[in-house]
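# Observations on chain architecture
Okay, here's what each chain looks like letter by letter:
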Amino acid sequence: MEVVICESAEEIGRHVADVFAAVLRGPAPVIGLATGSSPLVAYQELIRRHREDGLSFAGTTAFLLDEYVGLPAGHPESYAAVIRRELTEHVDIDPADVHSPDGGAADLPAECARYDAAIGAAGGVHVQLLGIGTDGHIGFNEPMSSLSSRTRPKTLTQQTRDDNARFFGSVDEVPRHVLTQGLGTIGTARHLVMVATGTAKAEAVAAAVEGPLSARCPASILQWHQHATVFVDEAAASELEFADYYRHALAHKPEWQGF
Ligand SMILES: N[C@@H]1[C@@H](O)[C@H](O)[C@@H](COP(=O)(O)O)O[C@@H]1O
């Protein structure tokens, strides 16, 4: 795993956009998208490059990590709506190629199995963007999620519902249930890119990067992955014991290496 401590969210956004741009220029790109506030700066940078530098999403397939269960169709906080608003409607990706699990499906386990199979049928995800919850969740894999889980329904913790209440009128409006790619599903992506900013994420980042590989901190699966990159700002890095080493490695990063 490579940990990159950045000066600002904007710098993180530029690095993430570089990683995504390299995949988008390759054949039949499959990208994994995340919601939440952490990826927004990267999405804004990708949109800017699309408008100003001609970066194209044509022919790209995208898969979202997760979705709430039971929001009314067209609800502005459904993740399908959020990703449209924050990224995909601003670039030249075919809306039919942007996939998310259907939280309104009558048979939720069947919908999860279908979604997981669709990711496999697309050949798997080339690069998966991830935020991290304050409890260490990725996607909506709450603590104690199976490390080999596939896409399935999950129940949110109260902490996650409280954290996400800011997107809704009140915490009571935050759904209790969700569909999420499993930790095993996420782990099949060829490159995992996690982003985090701010002191509220410092503890979760430290647990993910330097704690034990454990279901207690779902994001710790990045330690088991062959190609994982973590972009954090100084505040989110503030609990990292090996921060000096990460800075040293970055300062001496070979020119040819990339992320
Ligand atoms: N399901 C999403 C996650 O994918 C996201 O990483 C997390 C953190 O969000 P934020 O970046 O807004 O802190 O929130 C939600 O729970």
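Placed above this text is the structure.
Residues numbered from 1 in each chain as written. Predicted model: local features only at pLDDT ≥ 70, side-chain atom pairs only at ≥ 80, totals over all residues.

Take the overall build of the protein chain next. The secondary structure content of the protein chain amounts to 8 helices and 10 strands. Computed over the C-alpha atoms, the radius of gyration of the protein chain is 17 Å, within 12% of the 18 Å expected from 2.2 N^0.38 for a compact globule of 259 residues. If one aligns the C-alpha atoms of the protein chain with their principal axes, the spans along those axes are about 55 × 40 × 35 Å. Classification of the 259 residues of the protein chain by burial places 45% in the buried group. Taking contacts inside the protein chain between residues at least 6 apart in sequence as the whole, the part at least 24 apart equals 80%. (Helix = DSSP H or I, 4+ residues; strand = E, 2+ residues; numbered from the N terminus. Rg over C-alpha atoms; globule rule 2.2 N^0.38 Å. Buried ≥ 20, exposed ≤ 12 C-beta atoms within 10 Å, placed from the backbone. Contact = placed C-beta atoms within 7 Å.)

Pairing is antiparallel in the open sheet, where 3 strands are placed in the order β4-β8-β7. Taken across any chain shown, the strands that pair with only one partner, and hence form the sheet edges, are β4 (66-68) and β7 (152-155). Between one strand axis and the next, the sheet turns through 30° on average, direction left out of account. Alignment of β4 against strand β8 (residues 177-180), held across 3 bridges, turns out to be antiparallel. Across the sheet, the residue bridging to E67 is L179, located in β8. On the sheet, helix α4 (residues 108-121) packs against β7 and β8 and is oriented at approximately 120° with respect to β7. (Pairing = 2+ DSSP bridges. Axes fitted to C-alpha atoms, helices over the stretch in contact; angles between N-to-C directions.)

Before going further, it helps to spend a moment on the nonpolar core. Buried together is how nonpolar side chains tend to be arranged in soluble globular proteins. Counting residues in hydrophobic clusters, the biggest one holds 70 residues, and the most contacted among them are M194, V205 and V232. With 7 residues, helix α7 (residues 202-210) is the single largest residue contributor to this core. Look past the residues within four positions of V232 in its chain and what remains in contact with it is V3, I5, C6, A196, V205 and A237. (Core = buried A, V, L, I, M, F, W, Y, C linked by C-beta atoms within 7 Å.)

If you trace the 7 strands from one edge of the open sheet to the other, you get β1-β10-β9-β6-β2-β3-β5, paired in parallel fashion. Strands with a single pairing partner mark the edges of an open sheet, and in this sheet they are β1 (2-6) and β5 (98-99).

Two numbers describe how helix α1 (residues 9-24) lies on helix α2 (residues 40-53): the axes approach to 8 Å, and their chain directions differ by 55°. With respect to α2, the element α1 is oriented oblique. When you trace α1 past α2, the crossing you get is right-handed. Along its contact with α1, which presents A9, E10, I12, G13, R14, V16, A17, F20 and A21, the element α2 presents V41, A42, Q44, E45, L46 and R49. (Parallel < 35°, antiparallel > 145°, perpendicular 65-115°, else oblique. Left-handed = near helix turned anticlockwise from the far one by under 90°.)

Let us look at the pairing of strand β9 (residues 191-196). Most of β9 sits inside the fold, with 6 of its 6 residues counted as buried. Both faces of β9 are covered, namely the face carrying H191, V193 and V195 and the face carrying L192, M194 and A196. Here strand β6 (residues 127-130) pairs with β9 via 4 bridges, running parallel. Across the sheet, Q128 pairs through a bridge with L192, a residue of β9. Where β9 and strand β10 (residues 228-233) come together, 5 bridges link them in parallel fashion. When the bridges of β10 are listed, A196 appears paired with V232.

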